[in-house]
Every structure is written in structure tokens, then in C-alpha cells.
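Take a look at the letters that make up each chain.
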Amino acid sequence: MVGSGIRHNPFEQVSVASGYDNWYGTSMGQVVDRLEKALIYQLAQPRPGELALDVGTGTGHFACDLADRGLRVIGCDCSEAMLQIARSKDADVVWQRCDAEGLPFRDDSFDLVISVTTLEFVDDAHPALDEMFRVVARGGRLVVAVLNARSPWSRARIREARQKNSPFRNAHFYTPREFVAALSKFGRPRWSSSVFFPPSGRGMPMADVLERLGQRLCPGRGALLVGRVDK
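The shown structure was predicted, so the numbers you read here are calculated from the model rather than taken from an experiment.

S.K.: In this structure, what is going on with a positive patch on the surface? I would like to understand it.
M.R.: Judged by side-chain charge, Arg150, Arg155, Arg159, Arg162 and Arg221 come together as a positively charged surface patch. Mapped onto the elements of the fold, arginine 221 is located in the loop between helix 8 (207-217) and strand 7 (224-230). We classify arginine 221 as partly exposed; its relative accessible area is 47%.

What follows is the structure in C-alpha cells.
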């Protein structure tokens, strides 16, 4: 999922965009998706009828799911290749091409602004976060998810990027400290992480047990860091 001003946008390649979307159909992708959504929605608390913005929507994976939950959703991304796939889906979502650092929406517009694995690919996360928080309505919330530099998933992606062309070659992975510090500008964040089994798949049959233990004992070790700030 991509949001804005990127040195080289790897997600403009149709093959990359398609591969990203297809991964959710694999057995591992389905487990990871279920675990990530559980934490994201636990923090986001989406409610039917709310107006939501998905920044860096990519192929619309989360935007479509929010629409299915009864929210009114706008999904924005700077990658036309990703948005082409999103538009092909049968979902009641408004798709818009734009940059995260320059969102074309008024202040205080959305009950919920969500952004999942977008900040890793922008040149500077701070303007993007400023824009996301700007368009959150009073009483609304911003929920952001990034890939955790302390997780074996990020280390595996770094190794892969060294060996072949990968969308993660220029990605920035966030430590928990760095992530919380970025969100703390807007208030005291609530945060945790998700997906505690490694990319090898070892332990995947016990994913739910690992999730409960990981979030209780070492919340900074999951593959996906998720945080919420209220406005």
C-alpha cells in the first residue's frame, strides 16, 4: 500500500500490485490477515454509518472490508496500478488517486482515518501523519499500522530485497519506539502488535495462542505495529 512522495514507487508495476493482492488468498496470507484485522479493528472500533478514509489503500483490501461493515469509505493511493485492481472489486468505495502528504479533503472530515503499511514507503512520514490527523474529525480517531523492524518478518524482507528486486528495497521499517514517538505528537497513543509466528510459517497452527501471549508479554515483537490516537 502506497501513500505519497516516493523515490521510486514499486507498486506502480502491475505484477507487483497483483502479487500483493493475491497473497491474501494464500493459506498464510489468510491467517496473517485475520490476525492483523483483529488488532486493527480492536483499536479502530469501526461503526456502521461512519465516514472513513483509507490512506494508502493499495488494492483496497481494508477499504472494501470497512465498506462491508457498513461504513462510508474513501480509499486513496498514489499508485494507479494498485487502484486499478481496487476499482475492479465489487465494493461501495470511492477511489481517489492522491498523495498522503497532500490529502484533498477538508479539516475534520472523517470519523476514522486508517493507514496500513503506507508510511514505510514515503520519503518523510511526518507530513503524511500531519495530513492524516488534520482530516480526522473532532472526536474521531487515527489508526496507523507499520511493519516492525524488530520482527523476523522485516528481517526476512530485508534479506529478500538484497537478493532480488523487491518492493521493500527502499522501505523504512519502524521500531516500536520510533513508531510511538511519531504518533505521540498528536496525543498519547494506544498501541500493540500482531503476528507473532515467523515468515517460515513455523508455529502458524498455534497463531492465536502466540497472538495472545505476544500481545500480553512482548507487544513490541509482532510483525505489524498498530497504534491509535484520538482527536
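There is more to say, and it comes next.
S.K.: What is the right way to look at the nonpolar core in this model?
M.R.: A general feature of soluble globular proteins is that nonpolar side chains tend to end up buried together. Among the nonpolar cores identified, the biggest contains 32 residues, and Ile40, Leu66, Val73, Trp95 and Val226 are the most heavily contacted of them. When contributions to this core are tallied by element, the ones reaching two or more residues are helix 2 (27-44), helix 3 (61-68), helix 4 (80-87), strand 3 (93-97), strand 4 (110-116), strand 5 (136-147) and strand 7. Beyond its immediate sequence surroundings of up to four residues, valine 226 is in contact with Leu39, Ile40, Leu43, Val143, Val144, Ala145, Phe179, Arg190, Trp191 and Ser192. Ile74, Phe105, Phe110 and Phe133 belong to the second-largest nonpolar core, a separate cluster that totals 29 residues.

S.K.: Honestly, the environment of valine 146 in this entry has me stumped. Any pointers?
M.R.: Within the element layout of this structure, valine 146 appears in strand 5. Considered as a pair, valine 146 and valine 226 are 80 residues apart in the sequence and their alpha carbons are 6.7 Å apart. Sequence-distant contacts of valine 146, that is, excluding residues within four places in its chain, are made with Leu119, Glu120, Tyr174, Phe179, Ala223, Leu224 and Leu225.

S.K.: What should I look at first to understand helix 5 (residues 125-134) in this one?
M.R.: Given 3.6 residues to a turn, an α-helix orients residues that are three or four positions apart in the same direction. Residues of helix 5 that are buried include every one of Ala125, Ala128, Leu129, Glu131, Met132 and Phe133, and no others. Where the residues of helix 5 are buried, they touch strand 1 (51-55), strand 4, strand 5, helix 7 (176-184) and strand 7. N-capping of helix 5 is provided by aspartate 124, with a side-chain oxygen placed 3.1 Å from the backbone N of histidine 126.

S.K.: How should helix 2 be read in this particular structure?
M.R.: The first and last C-alpha atoms of helix 2 sit 25 Å apart over 18 residues, in line with the 26 Å expected at 1.5 Å per residue. Helix 2 sits mainly inside the fold: 13 of its 18 residues count as buried. The positive-phi residue at the C-terminal boundary of helix 2 is glutamine 45, with phi of around 50 degrees.

S.K.: So what exactly am I meant to see when it comes to the confidence of the model for the protein chain here?
M.R.: Should the pLDDT be low somewhere, the predicted coordinates at that spot are not to be read in detail. Across the protein chain, the average pLDDT comes to 92, with 92% of residues at or above 70. Under a pLDDT of 50 for its full length, residues 1-8 has, in the predicted model, 42 contacts with residues more than four places off or in other chains.

S.K.: How should unusual backbone geometry be read in this particular structure?
M.R.: A positive phi angle is found at aspartate 108, which is not glycine, with a value near 55 degrees. Secondary-structure assignment places aspartate 108 in the loop between strand 3 and strand 4. You will see that threonine 117, though not glycine, has its phi angle at about 45 degrees, which is positive. On the accessibility criterion, threonine 117 (12% relative accessible area) is buried.

S.K.: What should I look at first to understand the environment of arginine 169 in this one?
M.R.: For arginine 169, the position within the fold is in the loop between helix 6 (152-163) and helix 7. Sequence separation of arginine 169 and aspartate 123 is 46 residues, and the distance between their C-alpha atoms is 13 Å. Contacts of arginine 169, omitting those with residues within four sequence positions, involve Ala161 and Lys164.

S.K.: Explain the packing of helix 2 against helix 8 here, please?
M.R.: What describes two packed helices is the angle between their axes and the distance between those same axes. In the contact formed by helix 2 and helix 8, the axes pass within 11 Å of each other and the chain directions differ by 35 degrees. For the pair helix 2 and helix 8, the sense of crossing is right-handed. Here helix 2 contributes Val31, Arg34, Leu35 and Leu39 to the contact with helix 8, which in turn contributes Ala207, Asp208, Glu211 and Gln215. A breakdown of the residues in the contact of helix 2 with helix 8 according to their chemical character gives 4 nonpolar, 1 polar and 3 charged.

How each quantity is defined
- Residues numbered from 1 in each chain as written.
- Predicted model: local features only at pLDDT ≥ 70, side-chain atom pairs only at ≥ 80, totals over all residues.
- Heavy atoms only, no water.
- Patch = residues over 30% accessible without salt bridge, like charges linked within 9 Å, V, L, I, M, F, W, Y side chains within 5 Å.
- Areas by Shrake-Rupley, 256 points an atom, 1.4 Å probe, with all protein chains shown as cover.
- Salt bridge = Lys/Arg side-chain N within 4 Å of Asp/Glu carboxyl O.
- Lys, Arg positive; Asp, Glu negative; His and termini not counted.
- Charge placed at Lys NZ, Arg CZ, Asp CG, Glu CD.
- Helix = DSSP H or I, 4+ residues; strand = E, 2+ residues; numbered from the N terminus.
- Buried < 20%, exposed > 50% of the residue type's maximum accessible area, 1.4 Å probe, protein only.
- Core = buried A, V, L, I, M, F, W, Y, C linked by side-chain atoms within 4.5 Å.
- Contact = heavy atoms within 4.5 Å.
- Polar contact = N/O pair within 3.5 Å; in protein donor to acceptor, adjacent residues only side chain to side chain.
- Expected span 1.5 Å × (residues − 1).
- pLDDT = per-residue confidence, 0-100.
- Axes fitted to C-alpha atoms, helices over the stretch in contact; angles between N-to-C directions.
- Left-handed = near helix turned anticlockwise from the far one by under 90°.
- Nonpolar A, V, L, I, M, F, W, Y, C, P; charged D, E, K, R; others polar.

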